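Here are the chains, one letter per residue:
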Amino acid sequence: MKGAKGAEARPWASHEDLRGKVKEVGEALGLRAETKIDDYRYNAVFFRFGKPFPVAVVEISVGGNPSKDLAGLEHASSSHGSIPIYVVSGEDDMRRPRARYERLPRDRGQKYS
């Protein structure tokens, strides 16, 4: 990734670091963390204990493919009613997915308790 004045831009954290932190946050909130729903693999999928459907699905981008990540989040949100969470690391990753992110469903009239 190129940053300001042609210098190599570094991500704020590695993919593994972020995945570990996201899992810690979910577990601190009393959620069960997994990485799969149906045949789809995500960086984190959070379930309430005893509930079959995911509360939230997380994708982390560290110089990856935002279109693929956001398509997966869109699928989880529309088919399972999950809250889509997209975590980016670095300025380049923050700029790329904006147009697609703005199309994700926001309020479907559901309560996430």
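Attention here is on the structure that accompanies the text. All values reported here derive from a predicted model rather than from experimental measurement. (Residues numbered from 1 in each chain as written. Predicted model: local features only at pLDDT ≥ 70, side-chain atom pairs only at ≥ 80, totals over all residues. Heavy atoms only, no water.)

## Some words on helix α2 (residues 66-80)
Stated formally: Helix and strand definitions here come from DSSP, where helices need a minimum of 4 consecutive H or I residues and strands a minimum of 2 consecutive E residues; each element is numbered from the N-terminal end. An expected span of 1.5 Å times one less than the residue number is assigned to each helix. Partly exposed describes any residue whose relative accessible area lies between the buried limit of under 20% and the exposed limit of over 50%, with all areas from a 1.4 Å probe on protein chains only and scaled to the type maximum. In this context, the arc is that of the directions from the helix axis out to the C-beta atoms.
With 15 residues, α2 ought to run about 21 Å at 1.5 Å a step, and its terminal C-alpha atoms sit 21 Å apart, in line with that. Every buried residue of α2 is listed here: P66, D69, L70, G72, L73, A76, S77 and H80. All buried residues of α2 lie within an arc of 155° about the axis, which places them on one face of the element. Pointing more than 90 degrees away from the buried face of α2 are the exposed residues K68 and S78. G81 occupies a position one or two residues after α2 and carries a positive phi of about 70°.

## Observations regarding the sheet that holds strand β4 (residues 83-88)
Heads up, the condition is: The pairing criterion is simple: DSSP has to find at least two bridges between the two strands. To obtain an axis, a line is fitted to C-alpha atoms, over the contacting stretch when the element is a helix, and the angle between two such axes runs from 0 to 180 degrees between their N-to-C directions. Residue contacts follow a heavy-atom distance rule, with two residues in contact if any of their heavy atoms lie within 4.5 Å.
Taken in spatial order, the 4 strands make up an open sheet running β1-β2-β3-β4, and their pairing is mixed. Looking along the sheet, the strands with just one partner apiece sit at the ends: β1 (31-37) and β4. Looking at each pair of strands side by side, their axes are set apart by 30° on average, direction ignored. In terms of strand pairing, strand β2 (residues 40-48) meets strand β3 (residues 54-61) through 4 bridges, oriented antiparallel. Bridge pairing in β3 links F47 to P54. Here helix α1 (residues 15-28) sits on the sheet and contacts β1, β2, β3 and β4; the angle it forms with β2, its principal contact strand, is near 20°. Those strands touched by α2 are β1, β2, β3 and β4, and its axis lies near 175° from that of β3.

## Here's the deal with the environment of G72
Mapping G72 onto the fold places it in helix α2. G72 sits in the buried class, given a relative accessible area of 16%. Between the C-alpha atoms of G72 and V58, which are 14 residues apart in sequence, the distance is 9.5 Å.

## What about the pattern of salt bridges?
Rule in force here: Note on definitions: salt bridges are taken to be side-chain nitrogens of Lys or Arg within 4 Å of carboxyl oxygens of Asp or Glu.
Applying the stated rule across the entire model yields 3 salt bridges. Among the salt bridges present, the one from E27 reaches K23, with a minimum N-O distance of 3.9 Å. In this pair, E27 and K23 both sit in helix α1, 4 residues apart, roughly one turn of the helix. A relative accessible area of 44% places E27 in the partly exposed class. A salt bridge links E34 to R32; the nearest nitrogen and oxygen atoms lie 2.1 Å apart. On the basis of relative accessible area, E34 is assigned to the partly exposed category, the value being 32%. Assessed through its relative accessible area of 25%, R32 is described here as partly exposed.

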